[in-house]
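Examination of the molecular architecture
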Amino acid sequence: MNLNIDISERDKKFLFIGIGLVLIFLSYMLGYKNIDAENKKLSEEVTKLKATFNMLQEKATQQSTYVEGTQEYTNYYNVYLNRFAHGNLEDEITMFYSKCEETTGAAITQVGFGDTVDAYTFGVLTPSDPDKEQEKKYGAPADYKGKSISYSLIVNGTYAQLKDVLKYISDGSGRKVVTDIAASYDNSTGLISATMTVVDYFIEMSDEEYKASIAKPQVDLGVTNIFNAASK
């Protein structure tokens with residue numbers, strides 16, 4: 001069976017117009033809409049990047065201020081850190097009070113050491129950093145530990161000498177705190193016998209060898225031949 005479809009020129013025009021509209025609609029739905037969404041996404045990214053750029057540009061103009069401020073506070077940190085002894089300091093404490101005796105004239109007859117306890121742990125970093133990049137970036141590594149050691153002193157002397165001992169402790173090296181003091185006066189001698197408890201704070205550093213701030217005195221060890229003083 002033969003079908004003859006006779007379409008007039010007017011109908012053909014309407015048909016082409018309809019097909020064109022369908023193609024335009026499909027192009028919008030399948031193409032332009034996706035492109036528009038991507039453009040919006042990129043526009044949001046550009047806005048964020050511009051904000052970041054403006055922030056960094058503002059910081060860049062103040063670079064010297066930030067560098068100077070960082071160096072200033074780094075210096076403060078180092079000065080404060082160096083106020084503490086680094087490492088166990090029983091020898092240094094002993095020498096400190098030996099010098100205290102010489103300076104004040106009081107007699108310190110006993111220094112009795114107690115236990116060393118943890119007082120503070122620096123930072124939140126882990127010490128497993130072989131290249132020390134974290135240490136370079138943040139300052140003190142996590143294995144810096146603040147510790148304290150408590151000890152008792154027995155001091156004999158005049159009232160003035162006792163005050164001088166307390167001042168010597170207050171003004172001395174390291175960070176020392178007198179936590180307790182008990183004293184008795186001897187009418188027959190005019191001297192005071194005082195028992196003090198002192199807490200000394202120091203910093204233990206696993207990556208730094210202990211260096212005392214008070215040098216030990218050079219002690220003459222004698223001679224190899226007691227019958228010949230010229231031979232050492």
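These notes cover the structure that comes with them. (Residues numbered from 1 in each chain as written. Predicted model: local features only at pLDDT ≥ 70, side-chain atom pairs only at ≥ 80, totals over all residues. Heavy atoms only, no water.)

Let us look at the overall build of the protein. Across its full length, the protein holds five helices and five strands. Seen in sequence order, the protein has helices and strands lined up from the N terminus as α-α-β-α-β-α-β-α-β-β. Counting across all 232 residues of the protein, residues that qualify as buried make up 19%. Here the analysis covers contacts within the protein between residues at least 6 apart in sequence; of these, 72% occur between residues at least 24 apart. (Helix = DSSP H or I, 4+ residues; strand = E, 2+ residues; numbered from the N terminus. Buried < 20%, exposed > 50% of the residue type's maximum accessible area, 1.4 Å probe, protein only. Contact = heavy atoms within 4.5 Å.)

As a further point, take the nonpolar core. Tyr97, Leu153, Val155, Val165, Ile169 and Met196 are the most contacted members of the largest nonpolar core, which totals 20 residues. Among the secondary structure elements, those contributing two or more residues to this core are helix 3 (90-104), strand 3 (144-157), helix 5 (159-171) and strand 5 (191-205). For this core, the leading source of residues is strand 5, giving five residues. Residue contacts for isoleucine 169: discarding those within four places in its chain leaves Phe96, Tyr97, Leu153, Lys176, Val178 and Met196. (Core = buried A, V, L, I, M, F, W, Y, C linked by side-chain atoms within 4.5 Å.)

Inspection of the entire model under this criterion finds four salt bridges. With its nearest N and O atoms 3.9 Å apart, the salt bridge here joins lysine 99 to glutamate 102. Here the residue lysine 99 and the residue glutamate 102 both occupy positions in helix 3, the gap between them amounting to three residues, near one helical turn. You can call glutamate 102 exposed: its relative accessible area is 60%. Lysine 147 is paired through a salt bridge with aspartate 118; the nearest N and O atoms lie 2.3 Å apart. Of the two residues, lysine 147 sits in strand 3 while aspartate 118 sits in strand 2 (residues 107-121), which places them 29 residues apart along the sequence. (Salt bridge = Lys/Arg side-chain N within 4 Å of Asp/Glu carboxyl O.)

Moving on: the packing of helix 3 against helix 5. Contact pair helix 3 / helix 5: the axes reach a minimum separation of 10 Å and the direction vectors enclose 140°. As far as their axial angle goes, helix 5 and helix 3 are oblique. Both helix 3 and helix 5 take part in a crossing whose hand is right-handed. Across the interface between the two elements, Phe96, Tyr97, Lys99, Cys100, Thr103 and Thr104 of helix 3 pack against Gln161, Asp164, Val165, Tyr168 and Ile169 of helix 5. Class assignment of the residues belonging to the contact of helix 3 with helix 5 gives a composition of six nonpolar, three polar and two charged. (Axes fitted to C-alpha atoms, helices over the stretch in contact; angles between N-to-C directions. Parallel < 35°, antiparallel > 145°, perpendicular 65-115°, else oblique. Left-handed = near helix turned anticlockwise from the far one by under 90°. Nonpolar A, V, L, I, M, F, W, Y, C, P; charged D, E, K, R; others polar.)

Side chains of Leu15, Phe16, Ile19 and Leu23 sit close together on the surface and give an oily, nonpolar patch of about 420 Å² of accessible area. For leucine 23, the position within the fold is in helix 1 (residues 9-61). (Patch = residues over 30% accessible without salt bridge, like charges linked within 9 Å, V, L, I, M, F, W, Y side chains within 5 Å. Areas by Shrake-Rupley, 256 points an atom, 1.4 Å probe, with all protein chains shown as cover.)

The next thing to look at is helix 5. Taking 1.5 Å per residue as the helical rise, helix 5 with its 13 residues ought to reach 18 Å, and the 18 Å between its terminal C-alpha atoms agrees with that figure. Those residues of helix 5 lying buried are Gln161, Leu162, Val165 and Ile169. One side of helix 5 carries all its buried residues, which in axial view fall inside an arc of 105°. When the buried face of helix 5 is taken as reference, the exposed residues oriented beyond 90 degrees from it are Tyr159, Lys167, Ser170 and Asp171. (Expected span 1.5 Å × (residues − 1). Arc of directions from axis to C-beta.)

Moving on, we come to the packing of aromatic side chains. Per the counting criterion, the structure on display carries five aromatic pairs. Between phenylalanine 96 and tyrosine 168 the ring centres are 4.9 Å apart and the planes differ by 50°, which places this aromatic pair in the tilted class. Remark: tyrosine 168 occurs in helix 5 and phenylalanine 96 occurs in helix 3; sequence separation between them is 72 residues. Phenylalanine 96 sits in the buried class, given a relative accessible area of 3%. (Phe/Tyr/Trp six-rings, centres within 6.5 Å; stacked < 30°, edge-to-face > 60°.)

The next subject is the side chain of serine 148. Relative to the elements of secondary structure, serine 148 occurs in strand 3. Non-local contacts of serine 148, meaning those with residues more than four positions away in its chain, are made with Asp115, Thr116, Val117, Ala119, Val199, Asp200, Tyr201 and Phe202.

As far as function goes, none of this settles anything; it's purely spatial.
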